[in-house]
Amino acid sequence: MKILAITNQKGGVGKTTTCVNLAASLASLGKSVLLIDLDPQGNASTGSGVDKVHLKHSIYHVLIGEKSLKEVILTSEKGGFDIAPSNRDLAGAEVELVNELARENRLKVALAKLVNADGNMSYDYVLFDCPPALNLVTVNALTASNAVMIPMQCEYYALEGLSDLVNTIKKVRARLNPTLEIEGLLRTMFDSRNMLAQQVSAQLISHFGDKVYKTIIPRNIRLAEAPSYGVPVLSYDKSSKGAQAYMELAKEITDKENIGKEKKHG
């Protein structure tokens, strides 16, 4: 099972769009997917068709130890995946957990309880939609994950923020999760006509090599419209460039997994 933290402390880089649409694309490839919304804004929940305002229980109740993950998981009917939703309640978790022991491990412990009787996890993929901050909730996600996906726009300040995130990942690896690695950097909202975008993209590849996903997510109006209907873009307009790009990303990720497994068993 792959547990991916989708994170970037910079807001507006397409994190939530990536979480919802990657979850739907992986589901359409026959994978079982759990999306965990860790942003108090609850945009991934809304974009998956969940009414965040009237939630009785959310991921907040899991983090503070009142509920198990199983008790808060809902199904995104249009997306074909499961979601542990979030809303404004989550903003209080940071304060409530500050004096708790092993507070960085809350999500890891909660996920461990989803293991079936045969020792396997109930899901092929778990995706964390992290808040746009390097806070305790993000550290929980990094501690519970095998790998990190970093969505980013190819713009002037992108590389600056990236170094802070890479340092945080190194600290989490040193202190809390020695197996954590960067799975890949995803170029989002990409406009190929923009010279600066081309230059930053080239810099990323020269710094990170094959850690940069081959798939590029373009600027696409359909991607921007889909959340207002509470559906992933695959349900809204599967022929759109945005939908096709996220399908390509899902295939790139699953192909990489299969190659990894073959190497292990080969």
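### Some remarks on the pairing of strand 4 (residues 81-84)
Looking down a regular strand, the side chains alternate between one sheet face and the other.
Thought 1: Neither face of strand 4 is open: one carries Phe81 and Ile83, the other Asp82 and Ala84, and all of them are buried.
Thought 2: Across 3 bridges, the pairing between strand 2 (residues 33-37) and strand 4 is parallel. In the sheet register, Leu35 faces strand 4, and the bridge partner there is Ile83.
Thought 3: Two strands pair when backbone bridges link them, and strand 3 (residues 74-76) and strand 4 are joined in this way by 3 bridges, in the antiparallel orientation. Within the sheet, the bridge partner assigned to Ser76 lies in strand 4 and is Phe81.

### Details of the pairing of strand 7 (residues 181-190)
Thought 1: Of all 10 residues making up strand 7, 8 are buried, and the element is well covered by its neighbours.
Thought 2: Relative to strand 7, strand 6 (residues 147-153) runs parallel, the two sharing 7 bridges. Residue pairing in the sheet places Met149 in a bridge with Gly184 of strand 7.
Thought 3: Once you follow strand 6 into helix 8 (residues 158-175) and on to strand 7, the crossover reads as right-handed.
Thought 4: Two strands pair when backbone bridges link them, and strand 7 and strand 8 (residues 212-218) are joined in this way by 3 bridges, in the parallel orientation. Considered in strand 8, the bridge of Arg187 is made with Ile216.

### Describing helix 8
Thought 1: In this model helix 8 runs 26 Å from its N-terminal to its C-terminal C-alpha over 18 residues, within 8% of the 26 Å that 1.5 Å per residue would give.
Thought 2: Within helix 8 the residues assigned to the buried category are Ala158, Gly161, Leu162, Leu165, Val166, Thr168, Ile169 and Val172. Each buried residue of helix 8 lies within a common arc of 160° when the element is viewed along its axis, so the set occupies one face. Looking at helix 8, the residues exposed on the side facing more than 90 degrees away from the buried face are Glu160, Ala174 and Arg175.
Thought 3: Packed against the buried residues of helix 8 are helix 7 (136-144), strand 6, strand 7 and helix 9 (195-208).

### Looking at the side chain of Asn87
Thought 1: When you line up the elements, Asn87 lands in the loop between strand 4 and helix 5 (93-97).
Thought 2: What makes Asn87 buried here is its relative accessible area of 9%.
Thought 3: Ignoring anything within four residues of it in the chain, the contact list for Asn87 reads Pro40, Lys52, Leu55 and Ser58.

### Focus: the sheet that holds strand 5 (residues 125-129)
Thought 1: Sheet architecture is open: 8 strands sit in the order 3-4-2-5-1-6-7-8, paired in mixed fashion. Every other strand in the sheet has two partners, leaving strand 3 and strand 8 as the edge strands with one partner each. Neighbour-to-neighbour, the strand axes of this sheet turn through a mean angle of 25°, independent of strand direction.
Thought 2: Examined bridge by bridge, strand 1 (residues 2-6) and strand 5 share 5 bridges and lie parallel to one another. Note that in strand 5 the partner of Lys2 across the bridge is Tyr125.
Thought 3: Lying on the sheet, helix 1 (residues 15-28) is in contact with strand 1, strand 2, strand 4, strand 5, strand 6 and strand 7; it crosses strand 5 at an angle near 165°.
Thought 4: Helix 8 contacts strand 6 and strand 7 of the sheet and is inclined by roughly 170° relative to strand 6.

### Regarding the pattern of salt bridges
Should their charged atoms come close, side chains of opposite charge can pair.
Thought 1: Tallying each qualifying case throughout the model produces 8 salt bridges.
Thought 2: Put simply, Asp237 and Arg222 hold a salt bridge, and the shortest N to O gap is 2.9 Å. Of this pair, Asp237 sits in the loop between helix 11 (233-236) and helix 12 (241-265) while Arg222 sits in helix 10 (residues 221-225), and the two are 15 residues apart along the sequence.
Thought 3: By relative accessible area, Asp237 is classed as buried at 19%.
Thought 4: With relative accessibility at 30%, the residue Arg222 sits in the partly exposed group.
Thought 5: Salt bridges sharing common partners tie together Lys2, Glu183 and Glu257.

### Examining the packing of aromatic side chains
Thought 1: This model, assessed by the stated rule, comprises 1 aromatic pair.
Thought 2: Relative to Tyr236, the ring of Tyr229 lies with its centre 5.0 Å away and its plane at 25°, an arrangement referred to as stacked.
Thought 3: On the accessibility criterion, Tyr229 (56% relative accessible area) is exposed.

Rules behind the numbers
Residues numbered from 1 in each chain as written. Predicted model: local features only at pLDDT ≥ 70, side-chain atom pairs only at ≥ 80, totals over all residues. Heavy atoms only, no water. Buried < 20%, exposed > 50% of the residue type's maximum accessible area, 1.4 Å probe, protein only. Helix = DSSP H or I, 4+ residues; strand = E, 2+ residues; numbered from the N terminus. Pairing = 2+ DSSP bridges. Right-handed = clockwise from strand over helix to strand, strands pointing away. Expected span 1.5 Å × (residues − 1). Arc of directions from axis to C-beta. Contact = heavy atoms within 4.5 Å. Axes fitted to C-alpha atoms, helices over the stretch in contact; angles between N-to-C directions. Salt bridge = Lys/Arg side-chain N within 4 Å of Asp/Glu carboxyl O. Phe/Tyr/Trp six-rings, centres within 6.5 Å; stacked < 30°, edge-to-face > 60°.

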